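For reference, the chains in residue letters:
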Amino acid sequence: MRVRMVFERICRTIALGALAAGVAMAFVAHRSADAGSAWRTITLTDATDSTSNAQGVLARTVRDPRAMRDTLLFPLTALPSPSTRAAIGAMQLSGLPLRWEDRTGAAGMALSVTRDATPRAAFDVRVSRPAAGPIALRDAGGLLDSLEAGDKATPTVQGWRIASLTAPVQVIAGSGTASQRLVEAGTPKRVLVIALPGWESKFTIAALEESGWAVDGSLRISPTGVSTVGSPQRLDTARYAAVVVLDSMAVDGNALRAFAQQGGGVLLSGDALRVPSLAALRPARATEVRSATAGALLTPTPRLGLEAWELALTPDAEPVLRDAGSHGHDEVVVAARRIGAGRVVASAYRQSWRWRMEGTDDGLRDHARWWGRLLALTVPDGGSAPSVDIAAWPGDVAPHADLVALAGPPIDSAPPTARHTSPGRGFGGQVPAILYVLAAVSLLAEWASRRLRGLR
Amino acid sequence: MIPPTATEPFVFATAQYESGDWDSAPLVPANVIDSVARYTSLPVRPQGVIVPLASEAAFQYPLLYLTGHLPVRFTTRESEVLTRYLARGGMLFVDDHNHDVDGAFHKTVREEIRRVAGPLTPLPNNHELYRCFFKFEDGPPTTSHEMNGWGDNLVHEHLDAVLRDGRISVLYSNKDYSSEWSFHPDNKRFLSIDNTKFGVNLVVYALTR
């Protein structure tokens, strides 16, 4: 009997001890959680497909009161959808401490789809990717092209010139995908012609229109009268791809310079090279007139049949085209220079309309081509495609960069103290359950022993 | 010293053809030239030129004026030059000096124009030809020959044209501007309204469109 009483006391002691230990451990754990920043791993199964699932996880995380004290860790195996990224960004902005771990393998890819400002309005597709690897380009119609892996592990920018495609455009590199849902409708920019009325301006405008350009012009007929072509407006790179100046004295050199600085093209042809207000802009100074060669308009070298200025290039100008000159050697007839983001091109020929009217039957076509090519020098195809404002281009053009911008750079690896948010055991999962089992078993054994002795 | 710019002056050219009387309105060029110089700042050569239609020289003058009373039959060479001239962007202004839709000039020259350029169609009275410098709200201005019942005794409501790429390639008039404008420019001072203003529009349109 005495032994059994001792046993029962031991059981009670064990039960009470276990309960006390459990309470003490829970208290200690609670204090330590309050004192230090715990890492809590949030697993988003989302990535781009089940956005609603990811959004639900984020919503529950935000509602959890511990979200304000724990550092949330997102180990991402795929880039989240734009809306999920936006939610993460909003959490970041609201002050929730969060970090993310990059396990996507899709870092740094970006897609840009723009259209040329030229009449052809071709698509300029560019892809930036961090390392060499095969990439595939798709549009709504399917696969367009693919590029094999390069031999360098450095970031590369690759691109395509595509005459026609249908949005959305998607580029796939490894596990990464970037897409652009909308592509600008593609209204080609216009050309502004500044000239005095005359056959040169008339046929230059005609040639540019035959090359596909939409032309605006303002031709002063009298001191108070202006004849307009198209609907000329203020000089602006948003409306005009280039300005063609033929001969006009009434031209604002400062406005043209600002236009070129901002990326516009300027073409100075013939007598425009003698306009004083354009002296600081021109790639070449016109010195003296080279006479036309009689009858040459009907030969295979019709430009010899045009009068031309002899050009003295400015130091930063580059010769673009040389034709046979009057001194027994070739002379520069087209030159170009850069001003800011734009180009200024000079053409030496005067009265080019004679090429069309007085030349051979091919003169009409050749004259239009000549002007189209001169203008292309100022507005190169794709060479000066405008930068893309990501915010203005709906789509997912740079998902990784977007995530970094919203959530900050990723951490290298998950910290060892990271804890999972799965339901815990005991008091909030912080106290080993064995203590409670031990207490329950001890109390049960003590109770059974007492009952077997006939006590209550 | 080379001038900063030396814009070539406009030269009024009258087309000379082998059939008919191409020189029936010798004072028209001087009158139009006078009006262009009077109302605009366009450089213009004081004297016009006469250009044989059979000559390649026609290509030097992208605006040609053609008139007459008598039947017009272009030679093969004239047709060939005129076809190329129009295809390259030249503009031909033809005026019926008879002001008569039953006249020989009207019947024959329209047929010739159809052969070299295509059929003439009415030019809308709101065409930019009528507002590129002076404004003619009602289309082509009427002439005293229309109002006085001469010729076909009709007031022609519009001009006819052949358009090419949206531009007037051939402009045809039954209104007899050749008679209306055939006076010495000095006599404009006797007119309350200068009736040659439409000629300025014609030149401005040719130079700018």
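This one's a predicted model, so the numbers in the text were calculated from it and none came from an experiment. (Residues numbered from 1 in each chain as written. Chains lettered and ligands numbered in written order. Predicted model: local features only at pLDDT ≥ 70, side-chain atom pairs only at ≥ 80, totals over all residues.)

Asker: Whenever I open this one, the overall build of chain B confuses me. Can you help?
Answerer: On a plain count of helices and strands, chain B comes out with six helices and seven strands. Counting helices and strands in the order they occur from the N terminus, chain B gives β-α-β-β-α-β-α-β-α-β-β-α-α. With 209 residues in all, chain B has 49% of them scored as buried. In chain B, 78% of the contacts between residues at least 6 apart in sequence involve partners at least 24 apart. (Helix = DSSP H or I, 4+ residues; strand = E, 2+ residues; numbered from the N terminus. Buried ≥ 20, exposed ≤ 12 C-beta atoms within 10 Å, placed from the backbone. Contact = placed C-beta atoms within 7 Å.)

Asker: I would appreciate a short explanation of the confidence of the model for chain A in the present structure.
Answerer: All names here are of chain A. Put simply, chain A has an average pLDDT of 80, and 82% of its residues get 70 or more. Ranking the elements of chain A by mean pLDDT puts strand 22 (residues 419–420) last, at 48, and helix 6 (residues 353–358) first, at 96. The low-confidence segment residues 382–394, where pLDDT is below 50, has 17 contacts with residues more than four positions distant or belonging to other chains. Residue range residues 418–428 is modelled with pLDDT below 50. Its contacts to residues more than four positions away, or to other chains, number 21 contacts. (pLDDT = per-residue confidence, 0-100.)

Asker: What exactly am I supposed to notice about the packing of helix 2 (residues 76–87) of chain B against helix 3 (residues 104–117) of chain B here?
Answerer: Describing two packed helices takes the angle between their axes plus the distance from one axis to the other. All names here are of chain B. As a packed pair, helix 2 and helix 3 sit with axes 9 Å apart at the nearest point and diverge in direction by 60 degrees. If you check the angle between helix 2 and helix 3, you find them oblique. The crossing of helix 2 and helix 3 is right-handed. Residues Ser-79, Leu-82, Thr-83 and Leu-86 of helix 2 pack against Arg-115, Val-116 and Ala-117 of helix 3. Of the residues assigned to the contact of helix 2 with helix 3, the class counts are four nonpolar, two polar and one charged. (Axes fitted to C-alpha atoms, helices over the stretch in contact; angles between N-to-C directions. Parallel < 35°, antiparallel > 145°, perpendicular 65-115°, else oblique. Left-handed = near helix turned anticlockwise from the far one by under 90°. Nonpolar A, V, L, I, M, F, W, Y, C, P; charged D, E, K, R; others polar.)

Asker: Any chance you could explain the pairing of strand 4 (residues 91–96) of chain B here in plain terms?
Answerer: Remark: a regular strand shows side chains that alternate across the two faces of the sheet. All names here are of chain B. Across the six residues that make up strand 4, a large majority, six, are buried. Neither face of strand 4 is left uncovered, since the one carrying Met-91, Phe-93 and Asp-95 and the one carrying Leu-92, Val-94 and Asp-96 both have all their residues buried. Here strand 3 (residues 63–68) runs beside strand 4; their pairing, made up of six bridges, is parallel. The residue of strand 4 that forms the bridge with Leu-66 is Val-94. In the classification by handedness, the crossover that spans strand 3, the intervening helix 2 and the parallel strand 4 is right-handed. Sheet topology places strand 4 next to strand 7 (residues 167–173); four bridges connect them, and they run parallel. When the sheet's bridge partners are listed, Val-94 is paired in strand 7 with Tyr-172. (Pairing = 2+ DSSP bridges. Right-handed = clockwise from strand over helix to strand, strands pointing away.)

Asker: So what exactly am I meant to see when it comes to the interface of chain A and chain B here?
Answerer: A common way to express how large an interface is: the accessible area buried when the components associate. Facing the 29 residues of chain A at the interface are 23 residues of chain B. The set of elements that each furnish at least two residues to the side of chain A that touches chain B consists of helix 4 (199–210), strand 12 (215–220), strand 13 (226–229), strand 16 (284–290) and helix 6 of chain A. The dominant element in the side of chain A that touches chain B, judged by the number of residues it contributes, is helix 4 of chain A, at four residues. Residues belonging to the side of chain A that touches chain B are distributed by class as follows: 15 nonpolar, five polar and nine charged.

Asker: Would you take a moment to explain the sheet that holds strand 12 of chain A for this structure?
Answerer: Sheet strands pair via backbone hydrogen bonds, and the direction of the pair is either parallel or antiparallel. All names here are of chain A. If you trace the eight strands from one edge of the open sheet to the other, you get 13-12-11-14-15-20-19-18, paired in mixed fashion. Every interior strand has two partners, whereas the edge strands, strand 13 and strand 18 (318–324), have only one. Averaged over all pairs of adjacent strands, the angle between their axes in this sheet comes to 15 degrees, without regard to strand direction. In this structure, strand 15 (residues 265–269) lies alongside strand 20 (residues 342–347), joined through five bridges in parallel fashion. Bridge pairing in strand 20 links Leu-267 to Val-345.

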